[in-house]
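Geometric and topological summary
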There are 2 protein chains.
Amino acid sequence: MSSANAFNDALTDHHGETPIDMAELRRYRQGNGATDAALESAVQEVRRLTLAWSDGRTGQFPLMWLRDHCACDQCRHPLTRERLYKLLDDPLWERFATDEALAAFEFDDRSLTLTWQDGHVSRFDAGWLHQRCPGHELTTLLPTATPWVEAFTPAHVSHADFVGNGDGRSRWASALLRDGLVMLDQGPCELEEVSRIAESIGPMRSTNFGGRFDVRSVPNPNNAAYTAIGLELHTDLPNWRQPPDIQLLYCLENDAEGGESSFADGFAVAEILREENPEAFRVLSETPIDFRFQDDGHDIAVREPVIDLDGDGRPREIRFNNWIRDTLSLPADRIEAWYEAYRAFWQILRRPERRVELTLEPGQMIAFDNRRVLHGRNAFDPNTGKRHLQGTYLDLDMLQSHLRVLSR
Amino acid sequence: MSSANAFNDALTDHHGETPIDMAELRRYRQGNGATDAALESAVQEVRRLTLAWSDGRTGQFPLMWLRDHCACDQCRHPLTRERLYKLLDDPLWERFATDEALAAFEFDDRSLTLTWQDGHVSRFDAGWLHQRCPGHELTTLLPTATPWVEAFTPAHVSHADFVGNGDGRSRWASALLRDGLVMLDQGPCELEEVSRIAESIGPMRSTNFGGRFDVRSVPNPNNAAYTAIGLELHTDLPNWRQPPDIQLLYCLENDAEGGESSFADGFAVAEILREENPEAFRVLSETPIDFRFQDDGHDIAVREPVIDLDGDGRPREIRFNNWIRDTLSLPADRIEAWYEAYRAFWQILRRPERRVELTLEPGQMIAFDNRRVLHGRNAFDPNTGKRHLQGTYLDLDMLQSHLRVLSR
């Protein structure tokens, strides 16, 4: 048994037994989605076992599935926990069709043991099987993305809570996954604090603007963010095939006049558009357009729709950035309809009740899901004071992973 | 006019004129896709101008499109070249419907000048418009991905040519975009040479394995690559929402017995599966399954199909990695069909005529598109010699951008 597994689950098992090591670091004997139910019956049917637990759950487990999920040290690497078993190379696999694969099985309250025709033995923790019953979804550890209601305000977490040993970090990550926007308060006004926070979650996602960037007015900008002009609500880097997921913006100085920040939930705005103007929604979600950034060293371009939908027709990603829209390359008879749809979406983005407006204070860090939440700022006057933010990007995978690890 | 634009196009214009600056670094007066044709007529019709050139091309340009694409210093930032013009804030936009927006226009062989009702003047280079005629596609600068034929062998480029001033770098990038696999030969056996090559193209894509990783056998591995075991053909990090695009693997030492490398074109294999076993193809392309990596600090998981198709039904991405397939979470009556489909795909991957087999020599670097081309290696015996590769990932966006910049 791996020490990590023992730490997370086995040592704290309130049944006083040692659970079977399923090569799994997520807890399966207690906590979220685990069960106290006992395995009560196991019946062999055609090419499968039907298992039943004391809480009434019943599951059909194809023999193929059981063989493939064997977690013994030969089938899963004892250190990496990765699957070593190759079903393509196992002669047993030819015997599943004729029900000759399984030689014997036995079970008790907490385990199931299978002996295959070739002599290999597979043992399963009954609680692990209960969670993974075919047809039942494993309980997710991640919050569901929830559209902003009118006058939404983001959750706040203090920097002290975030770096402390309590649940501050989990609350911060959960709010970010749920709302796409969360504020960290009262952090130190130190250069690179944003990098330290990012790297405590995962590696910074580097782009053509570097791994960690400074947002301030500079003499020879290569993009609008590095000027003092106002920035209409937008998503960053929609000209990439995979725009950055999570953006962290840490405020170090903000005493110039202007420069207030604004945010809007692009998914919520897209749903409003769908309701108010279905044709505009259809046009923006079905029409790929070109986005492109060019400077002396780069020419980064992609063709994607403004509203990208998943297989179920729900918004999955918003690409909205008026600066780096490239030439609109469409047949002449579709151009005007596209512009009208674009204007309709943009008009909803401007509605005050759909926006969060705030002034970042030094020591605050705003974090948002750049594929969902648009951000912008008012113009500021660099002659009246300084405005300096440091920012970086993180992969959503790393944020989700972080929350899963925190919940072990 | 920006100096970069002047360098790329204007100074070399063989008409001896100064072209109109279209805030565009791609060449539009000569080279790939440019035209010598003269603008011969411009006719105003309902809400559009119809333009005709001396080579017979005719284009309908909606007035909205022309206004939105004005490239003057007020409409595009003179340094960043980004669009400043906001169509949502322009009162002129209400007048397009009634044909009152355009006050006057004039043209000559090489230019079109529009005066809008509000007095704003927009000038267009006629060659730029010719390239961007609605309904015509701008000539791509990138090669098309081409499936491997049987007994395909990758292109080779020498390290000297790659770092030299000739076309080695373009040939290398083109082969990688076209074939998904290209070999660099005779490079120095120096640590971090792979990082220098990567960073000459774009920032390294960091993952949970770091920005630049060492592939060799280590005592306490957290994944199979860091052992000496054989690695079946696979794609890296299919458990990420966005797996790394381009992988660079640079060989520093390879004198252990075994360790030969193999590669296969996943798109070509998917097409063979579609032809030989349409039902298996359907199952693998329509069934999202779980991929997951877990170690002490990570739990990175995603649910995606093995074969991901684009909107036109063509393979867009392959996720195949038997180690980090997670629990197969499907209704019981779909599990056996999924396994049969998976076995069918895997069997085609094993066919010798579909694989490239080679032994990496010190100083060679293999580069491949990890979303398309699977890679693997035979087991090696660390007691017979050393095997050490250094690797990193790059975003496909950066590779494409690099080739576009090289072709300016």
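Higher on the page you've got the structure.
Notes on the structure in this doc start here. Small disclaimer: the values here were computed from a predicted structure and weren't measured. (Residues numbered from 1 in each chain as written. Chains lettered and ligands numbered in written order. Predicted model: local features only at pLDDT ≥ 70, side-chain atom pairs only at ≥ 80, totals over all residues. Heavy atoms only, no water.)

What follows concerns the interface of chain B and chain A. Contacts between the two partners involve 95 residues from chain B and, on the opposite side, 95 residues from chain A. Carbon and sulfur atoms make up 48% of the surface buried where chain B meets chain A, a total of about 7900 Å² over both sides. Of all residues in chain B, Leu-88, Glu-336 and Arg-343 of chain B bury the most surface against chain A, accounting for 9% of the area lost on that side. The salt bridge involving Arg-48 of chain B is made with Glu-336 of chain A; its shortest N-O contact spans 3.7 Å. Here chain B and chain A share 53 residue pairs in polar contact (both at pLDDT 80 or more) between them. Elements with a minimum of two residues in the side of chain B that touches chain A: β3 (58–62), α2 (63–68), β14 (289–295), β15 (298–304), α9 (332–349) and α10 (396–406) of chain B. No other element matches α9 of chain B, which puts 9 residues into the side of chain B that touches chain A. A per-class count over the side of chain B that touches chain A returns 37 nonpolar, 24 polar and 34 charged. (Contact = heavy atoms within 4.5 Å. Buried area = accessible area lost by both parts, 1.4 Å probe. Salt bridge = Lys/Arg side-chain N within 4 Å of Asp/Glu carboxyl O. Polar contact = N/O pair within 3.5 Å; in protein donor to acceptor, adjacent residues only side chain to side chain. Helix = DSSP H or I, 4+ residues; strand = E, 2+ residues; numbered from the N terminus. Nonpolar A, V, L, I, M, F, W, Y, C, P; charged D, E, K, R; others polar.)

Residue and element names in this part refer to chain A. The sheet built from 4 strands is open, its strands ordered β10-β20-β13-β18 with antiparallel pairing. Bordering the open sheet on either side are β10 (231–234) and β18 (355–358), each of which pairs with just one other strand. Taking the axes of each pair of neighbouring strands and ignoring which way they run, one obtains an average angle of 15° across the sheet. (Pairing = 2+ DSSP bridges. Axes fitted to C-alpha atoms, helices over the stretch in contact; angles between N-to-C directions.)

Here we come to the pattern of salt bridges. Residue and element names in this part refer to chain B. Under the defined criterion, the tally for this structure stands at 78 salt bridges over all chains. Among the salt bridges present, the one from Arg-351 reaches Glu-276, with a minimum N-O distance of 2.9 Å. Of this pair, Arg-351 sits in the loop between α9 and β18 (355–358) while Glu-276 sits in helix α7 (residues 266–276); the two residues are 75 residues apart in sequence, bridging distant segments of the chain. Residue classification places Arg-351 among the partly exposed residues on the basis of a relative accessible area of 26%. (Buried < 20%, exposed > 50% of the residue type's maximum accessible area, 1.4 Å probe, protein only.)

Strands in a sheet are paired, the pairing made by backbone hydrogen bonds, and the direction either parallel or antiparallel. Residue and element names in this part refer to chain B. The strand order β1-β2-β3 describes an open sheet built from 3 strands, whose pairing is antiparallel. Two strands close off the open sheet at either side, each with one partner strand: β1 (39–45) and β3. Here the average twist between neighbouring strands, direction ignored, is 20°. In the sheet, strand β2 (residues 48–53) pairs with β3 via 5 bridges, with the strands oriented antiparallel. Counterpart to Leu-49 in the pairing with β3 is Phe-61.

What follows concerns the packing of α7 of chain B against α9 of chain B. Residues and elements named next belong to chain B. The contact between α7 and α9 brings their axes to 10 Å, and the two run at 125°. Between α7 and α9, the interaxial angle falls into the category oblique. Considering only the axes of α7 and α9, their crossing is right-handed. Between α7 and α9, the contacting residues are Gly-266, Val-269, Ala-270, Ile-272, Leu-273 and Glu-276 on the first element and Ala-344, Phe-345, Ile-348 and Leu-349 on the second. (Parallel < 35°, antiparallel > 145°, perpendicular 65-115°, else oblique. Left-handed = near helix turned anticlockwise from the far one by under 90°.)

Another point: the state of the cysteines. Taken as a whole and assessed by the stated rule, the structure comprises 0 disulfides over all chains. Considering cysteine sulfurs only, Cys-75 of chain B is the nearest to Cys-72 of chain B, which forms no disulfide, with 3.7 Å between them. (Disulfide = S-S within 2.5 Å.)

The subject of this paragraph is the relation of the copies chain B and chain A. Between the two copies, chain B and chain A, the superposition gives an RMSD of 0.0 Å; the rotation angle is 180° and the shift along the axis is 0.0 Å. Interpreted geometrically, this transformation is the action of a two-fold axis. The share of interface residues of chain B whose copies in chain A are also at the interface is 100%, consistent with both copies meeting through the same surface. (Least-squares fit on C-alpha atoms with pLDDT ≥ 70 in both.)

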